[in-house]
Amino acid sequence: MKLICMGRNYAAHIHELANEKPDEPVVFIKPDSSILPKEQDFYIPEFSNEIHYEVEVLVKIKKVGKHIDEKFAHKYYDEIGLGIDFTARDLQSALKAKGLPWEKAKGFDGSAVIGNWFPIENFEDLSDINFSLLKNTEVVQKGNTSLMLWNIDALIAYVSRFFMLKKGDIIFTGTPAGVGKIKANDYLSGFIEDQEAFTVKIK
Ligand code: ZN
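The structure reproduced in this document is the subject of the present report.

Definitions and cut-offs
- Residues numbered from 1 in each chain as written.
- Predicted model: local features only at pLDDT ≥ 70, side-chain atom pairs only at ≥ 80, totals over all residues.
- Heavy atoms only, no water.
- Buried < 20%, exposed > 50% of the residue type's maximum accessible area, 1.4 Å probe, protein only.
- Helix = DSSP H or I, 4+ residues; strand = E, 2+ residues; numbered from the N terminus.
- Contact = heavy atoms within 4.5 Å.
- Polar contact = N/O pair within 3.5 Å; in protein donor to acceptor, adjacent residues only side chain to side chain.
- Phe/Tyr/Trp six-rings, centres within 6.5 Å; stacked < 30°, edge-to-face > 60°.
- Lys NZ or Arg CZ within 6 Å of the ring centre and 35° of its normal.
- Salt bridge = Lys/Arg side-chain N within 4 Å of Asp/Glu carboxyl O.
- Pairing = 2+ DSSP bridges.

1. Thoughts on helix α4 (residues 152-159)
For α4, a buried count of 8 out of 8 residues is recorded, marking the element as mostly surrounded by other parts of the structure. Within α4 the residues assigned to the buried category are Ile152, Asp153, Ala154, Leu155, Ile156, Ala157, Tyr158 and Val159. For α4, the elements touching its buried residues are β1 (3-7), β2 (26-30), β4 (55-61), β5 (77-85) and β10 (170-172). With a side-chain oxygen lying 3.2 Å from the backbone nitrogen of Asp153, the N-terminal cap of α4 falls on Asn151.

2. Focus: the packing of aromatic side chains
Across all of its chains, the model carries 7 aromatic pairs by this definition. For the ring pair Phe47 and Phe108, a centre distance of 5.5 Å and an interplane angle of 80° mean the geometry is edge-to-face. Taken together, the residues Phe47 in the loop between β2 and β3 (51-53) and Phe108 in the loop between α3 (103-106) and β7 (112-119) connect sequence positions 61 residues apart. Taken together, the ring pairs connect Phe42, Phe47, Phe86 and Phe108 into an aromatic cluster. Across from the ring centre of Tyr76, 4.8 Å away, lies the NZ or CZ of Lys63, which sits over that ring.

3. Re the pattern of salt bridges
In total, this model carries 10 salt bridges according to the counting rule given. Here Lys2 ties to Asp169 by a salt bridge, and the two come within 2.6 Å at their closest N and O atoms. Of this pair, Lys2 sits in the segment before β1 while Asp169 sits in the loop between α4 and β10, and the two are 167 residues apart along the sequence. Look at Asp169 and you get buried, because its relative accessible area is 1%. Of the charged contacts, one joins Asp85 and Lys106 as a salt bridge, the two residues approaching to 2.8 Å between their closest N and O atoms. Remark: Lys106 occurs in helix α3 and Asp85 occurs in strand β5; sequence separation between them is 21 residues.

4. Examining the pairing of strand β9 (residues 138-144)
Here strand β8 (residues 130-135) runs beside β9; their pairing, made up of 6 bridges, is antiparallel. Bridge pairing in β9 links Asn130 to Asn144. If you look at the hairpin formed by β8 and β9, you'll find 2 residues sitting between the two strands, and Asn136 has a positive phi there, around 55°.

What follows is the structure, given as structure tokens:
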């Protein structure tokens, strides 16, 4: 399985990293080895001094599809969740400056936190879901899916033009503003509406 991730899908986050607003979704892939095993602590890797959290709404693909029409995209998922796209920002900035691919900064071991899954029937409107990330006791990121530049169905339609979606693939839909650095002993917890989706201890 693969993790298909969106960059720059929330205007306020594009602004905070001084990136340009894209004409099309920015897409990258994390390998399955990047998934942090459940209940496992996240260890800050030795190659970075600036690991950022990025909380994101996740979509679990339930069947194979390619070239999916946006109006049929809803048939490809029935669960959403919340996770973290850990990013070695220092490494990413250095690679970006050289025009090189970011994989090492985004796809390293443990960089993908995948929380609990929730049936979509639990939510009244998928384009109005509140979610947040707490670092220790402070709310550091707060988002709402209405602020996405491309919504879930549009993302599925877009990425399936390039990558065949398979059962179990997960889409990371991008992070809202408020990304920041973690340090040892931090404790992160993610909430989708008022339900806790994950907790991670930083080592
Ligand atoms: Zn991200």
